[in-house]
Amino acid sequence: MNNRVVMRFLLSTTMAVFSAGVLPAAPPTSSVTKPNVIVIYTDDQGYGDVSALNPEAKFQTPNMDRLAKEGIAFTNGHSADSVCTPSRYALLTGRDPWRTIRKSGVMKAESTGMIADGRMTLASLLRSQGYQTAMVGKWHLGMDFPGTRQQRDWSQPIQDMPLDKGFDYFYGIPASLNFGILAWFEGRFAKVPPTLYSGKKKNDRHVDYRVMPPYDERWNGPGRHVKTKGFEIAPDFIDNQCLTRFTDKAIDWMKGKTADAKNGKPFFLYLPYTSPHYPVCPLPEFHGQGDAGAYGEFVIETDHHIGRILDFLKSSDLDDDTLIVFTSDNGPEKSWPGRLDEFGHDSRGGYREGKRSVYEGGHRVPFLVRWPSGIKQPGRTWDKTVGQVDLLATFAELTGATLPDNAGEDSQSFASVLTNASADHQRLPLINRGEADGRYSITEGNWKLILPNKKQKHELFDVRSDPAETKNVADQHPAKVQQLQEQITRIVANGRTTPGEVQPNDTGYWKSLSWMTEADFETTTK
């Protein structure tokens, strides 16, 4: 980097830091690095859906495997929740999602944004550190569309969306395909607006549905859309084009930033794919591949597109200086038992249950990190607990930023694991939540306590000796139950997991905190 470039970079970084409310960066040291960063986030992909993590997998994922072989496989990595929207919130903000006003469930396409204005995100953090930022793919954290369902004005811009949360560029869709509003949005507009209405169609190759033309006239007769529940859709939208379009757009955007990246202005790309979430719709050229039906074909197609990203980085000479995080938002959708019976493929990787569950199958997910110039002794595994919520603090440490007390409250950096093969990183207690029954869990070291709710009692597991959570040993270890319950009570009430000033949750006590009373909550907060 020449002196002029250095000065330009430092000036832009300093101005961005103060405008974003980030504390001044730590004094530069020789260890401070600024790699390009790509976060690839798949949708409903279970731990067992990566062949490097599941020797019995019925399909191969050579590009995902390459991330593990050339990086670190975090075999005890977790999403914050067991469904989509809350996991994405935690990934981007470093804060547990139940601290917001949304305590459960996923959002519709059109909703008030879950990320509050001014809340630090991965994008705003890295932009403050001089990065160019982009999101390409599925958002699912709420958007404000112009007008109402019955009266849209698509000439007006979308508000409260990724461009308002730290991203310089956005191409993608607002939510899962079954929620609408479906069009290929770029920036704040859809090139072809979603002026039609449609419903789900039968999928002849899987147990789910398709979203594809021709869009049925029964949804689009005069005045019909006002009375029906069909979702809004653009005439040119086809479900099976998502992966190709997202990868094409991601590569196009990176091409435009390559020169800058080589001259000291790195980029951050958030690439949340829509697969293998329903609709399972692999392109025809992937039909017949693998031995796990259409689902396996869809994961194979996903792997193919990740290979395209890797090929681009290699051909652009960006490979060494690009850090890739690959992970999934939660465990596999409920089709996993049928797949296990029919094909012998276990999308959970042997863990208990799947999507929506508080057990490991709901939130222990593939978690791979590759960074050729930064990771010491690649090809390692890391078996201790880490969370997706930790990415904010990790990226902050790697880029020399310091998080203020009101950002990344539950985020603990694992940067040392990347740069030191002998690191002794110990994760603070990690909180997870199951959507199906609203239960919370806390994991510290080998011990995982699932808190009671309604008629369900405490469950305590030693997840190192019993990773499938088959033996509830709460009655044998009452002191451990008490200790972990006191820890989660403090973490919830104090608004943070990490050291720092107590921070407010966005609400007072809520009823799913059934192991404590409102008085306990208020007392602990004080």
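Owing to the predicted nature of the structure, the values given are computational and were not obtained by experimental measurement. (Residues numbered from 1 in each chain as written. Predicted model: local features only at pLDDT ≥ 70, side-chain atom pairs only at ≥ 80, totals over all residues. Heavy atoms only, no water.)

Asks: Even after reading the chapter, I still don't get the packing of helix H6 (residues 242–262) against helix H7 (residues 293–315), so can you show me in this structure?
Replies: Any two packed helices are characterised by the angle at which their axes cross and by the distance between the axes. Two elements in contact, H6 and H7, have axes whose closest approach is 10 Å; the angle formed by their N-to-C orientations is 10°. The orientation of H6 with respect to H7, classified from their angle, is roughly parallel. On H7, the residues touching Leu243, Thr244, Thr247, Asp248, Ala250, Ile251, Met254, Lys255 and Thr258 of H6 are Phe298, Glu301, Thr302, His305, Arg308, Ile309, Phe312 and Leu313. (Axes fitted to C-alpha atoms, helices over the stretch in contact; angles between N-to-C directions. Helix = DSSP H or I, 4+ residues; strand = E, 2+ residues; numbered from the N terminus. Parallel < 35°, antiparallel > 145°, perpendicular 65-115°, else oblique. Contact = heavy atoms within 4.5 Å.)

Asks: Help me out: how do you make sense of the sheet that holds strand S8 (residues 185–186) in this one?
Replies: Each strand in a sheet pairs with its neighbour through backbone hydrogen bonds, running either in the same direction (parallel) or in the opposite one (antiparallel). Here we have 10 strands laid out as an open sheet, ordered S9-S8-S7-S4-S14-S1-S15-S16-S2-S17, and mixed in their pairing. Single-partner strands in this sheet number two, and they are strand S9 (189–190) and strand S17 (380–382). Here strand S1 (residues 36–42) pairs with strand S15 (residues 322–328) via seven bridges, running parallel. Looking at S15, one finds that valine 37 is bridged to leucine 323. Helix H2 (residues 62–69) contacts strand S2 (72–74), S15 and strand S16 (367–370) of the sheet and is inclined by roughly 65° relative to S16. (Pairing = 2+ DSSP bridges.)

Asks: How should I be thinking about the pairing of S16 in this particular structure?
Replies: Of the two faces of S16, the one carrying Phe367 and Val369 and the one carrying Leu368 and Arg370 are both buried. Where S2 and S16 come together, two bridges link them in antiparallel fashion. Within the sheet, the bridge partner assigned to alanine 73 lies in S16 and is leucine 368. Where S15 and S16 come together, four bridges link them in antiparallel fashion. Considered in S16, the bridge of valine 325 is made with valine 369. (Buried < 20%, exposed > 50% of the residue type's maximum accessible area, 1.4 Å probe, protein only.)

Asks: Where do I start with the sheet that holds strand S19 (residues 430–433) in this structure?
Replies: The sheet built from four strands is open, its strands ordered S19-S20-S21-S22 with antiparallel pairing. The open sheet is flanked by S19 and strand S22 (459–462), the only strands paired with a single partner. Each strand of the sheet is rotated relative to its neighbour by a mean of 20°, with strand direction disregarded.

Asks: How do you make sense of the pattern of salt bridges when you look at a structure like this?
Replies: Should their charged atoms come close, side chains of opposite charge can pair. This model, assessed by the stated rule, comprises 34 salt bridges. Glutamate 70 is the partner of arginine 66 in a salt bridge, and the nearest nitrogen-oxygen pair spans 3.2 Å. Since its relative accessible area comes to 28%, glutamate 70 is described here as partly exposed. The shortest N-O distance in the salt bridge between aspartate 117 and lysine 165 comes to 3.1 Å. Highlighted residues: aspartate 117 in the loop between helix H3 (84–93) and helix H4 (122–128) and lysine 165 in the loop between strand S6 (151–152) and strand S7 (169–173), separated in sequence by 48 residues. The class of aspartate 117 is exposed, set by a relative accessible area of 67%. Taking relative accessible area as the criterion, lysine 165 reaches 5% and is therefore assigned buried. Ionic contacts of the salt-bridge type, sharing partners, join the residues Asp43, Arg88, Lys138 and Asp329 into one network. (Salt bridge = Lys/Arg side-chain N within 4 Å of Asp/Glu carboxyl O.)

Asks: Hey, could you run me through unusual backbone geometry in this one?
Replies: Negative phi characterises most residues that are not glycine, and trans characterises most peptide bonds. The omega torsion across serine 275 and proline 276 is -5°, close enough to zero to call that bond cis. Following the sequence through the fold, proline 276 ends up in the loop between strand S14 (267–272) and H7. Residue proline 279 is bonded to the preceding tyrosine 278 through a cis peptide linkage, with omega at -5°. With respect to the secondary-structure elements, proline 279 resides in the loop between S14 and H7. Residue histidine 140 is not a glycine yet carries a positive backbone phi of 65°. When you line up the elements, histidine 140 lands in the loop between strand S4 (132–138) and strand S5 (147–148). The backbone of aspartate 317 sits at a positive phi, close to 60°, despite the residue not being glycine. Structurally, the position occupied by aspartate 317 is in the loop between H7 and S15.

Asks: Help me understand the environment of serine 82, please; the structure alone is not making it clear to me.
Replies: Positionally, serine 82 belongs in the loop between strand S3 (77–78) and H3. Take serine 82: its relative accessible area is 0%, and that puts it in the buried class. For the pair formed by serine 82 and glycine 331, sequence separation is 249 residues and the distance between their alpha carbons is 6.7 Å. With residues up to four places along the chain from it excluded, the contact list for serine 82 reads Ser87, Asn330, Lys355, Arg356, Ser357, Gly362, Arg433, Gly434 and Glu435.

Any functional reading would require information beyond the geometric quantities listed.
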